[in-house]
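Listed below, chain by chain, are the residues.
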Amino acid sequence: MKAKYPIIALFCLLLASCNSAPTLQKYFVENTENKNFIALDLSPSILNIDKTKLSAEQTKALQSFDKMNVLAFKINDKNKAQFEIERTKVNLILKDTKYQQLMKFGSGKEGASVSYVGSDDHINEFVLYGNKKDSGFVVVRILGKDMNPTNIMTLISVLKSSNINLEQLKPLQELLKK
């Protein structure tokens, strides 16, 4: 009889520790195969950068970047109601306190935002979100290790000199055509 109590306590502890709150990672996984979405995973190799020409600071910034996940919803006449539902889900996820908003522009119906997860000097994820009521929306997760604002600015300067492999971006190009 005494053995039941520790098992029940352990079971309750496990249930309490499970976090059922929605996250962007869960949202991406749930919608990767959905026909209304286009999902892409992009690695740093898309940049086609000659690493021998990078400074130490640029190399460090590039090493802090692991990958990008892109999830885009393209609106059409058949999925307008679903678009509103999905856009509401993303907005609710991004209202979680773990996503710290850096900037937002536009209105609630159209616009974009930039958020991050982590502390100011140890950012693990940047989230770019844009939506337009007649086109759809896109969510971009930039994942890395100990990214910081300086690394991001340096990475942007590296992007300017990169030779991006556009083949990996074909699905997004199709989304932008309307």
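Criteria and cut-off values
- Residues numbered from 1 in each chain as written.
- Predicted model: local features only at pLDDT ≥ 70, side-chain atom pairs only at ≥ 80, totals over all residues.
- Heavy atoms only, no water.
- Helix = DSSP H or I, 4+ residues; strand = E, 2+ residues; numbered from the N terminus.
- Buried < 20%, exposed > 50% of the residue type's maximum accessible area, 1.4 Å probe, protein only.
- Areas by Shrake-Rupley, 256 points an atom, 1.4 Å probe, with all protein chains shown as cover.
- Pairing = 2+ DSSP bridges.
- Axes fitted to C-alpha atoms, helices over the stretch in contact; angles between N-to-C directions.
- Contact = heavy atoms within 4.5 Å.

Asks: Looking at this structure, how should I read the overall build of the protein chain?
Replies: Along the protein chain, the regular secondary structure elements total six helices and six strands. Ordering the α and β elements of the protein chain from the N terminus gives α-α-β-α-β-α-β-β-β-β-α-α. In the protein chain, which comprises 178 residues, the proportion classed as buried is 35%. Summed over all atoms, the accessible surface of the protein chain reaches about 11600 Å², with 59% contributed by carbon and sulfur.

Asks: Would you explain the sheet that holds strand E5 (residues 122-132) in this entry?
Replies: Across a sheet, strands are paired by hydrogen bonds formed along the backbone, either parallel or antiparallel in direction. Sheet architecture is open: six strands sit in the order E1-E2-E6-E5-E4-E3, paired in antiparallel fashion. Because the sheet does not close on itself, it has two edges, and the strands there are strand E1 (37-42) and strand E3 (100-106). Each adjacent strand pair in this sheet contributes to an overall mean axis angle of 10 degrees, direction not counted. Across six bridges, E3 lies against strand E4 (residues 111-119) in antiparallel orientation. If you follow glutamine 101 over to E4, its bridge partner there is serine 115. Strands in contact with helix H2 (residues 24-31) are E1, strand E2 (65-74), E5 and strand E6 (136-147); relative to E6, the strand with the most contacts, it is inclined by about 130 degrees. The sheet strands contacting helix H5 (residues 149-160) are E2, E5 and E6, and the helix crosses E6 at an angle near 115 degrees.

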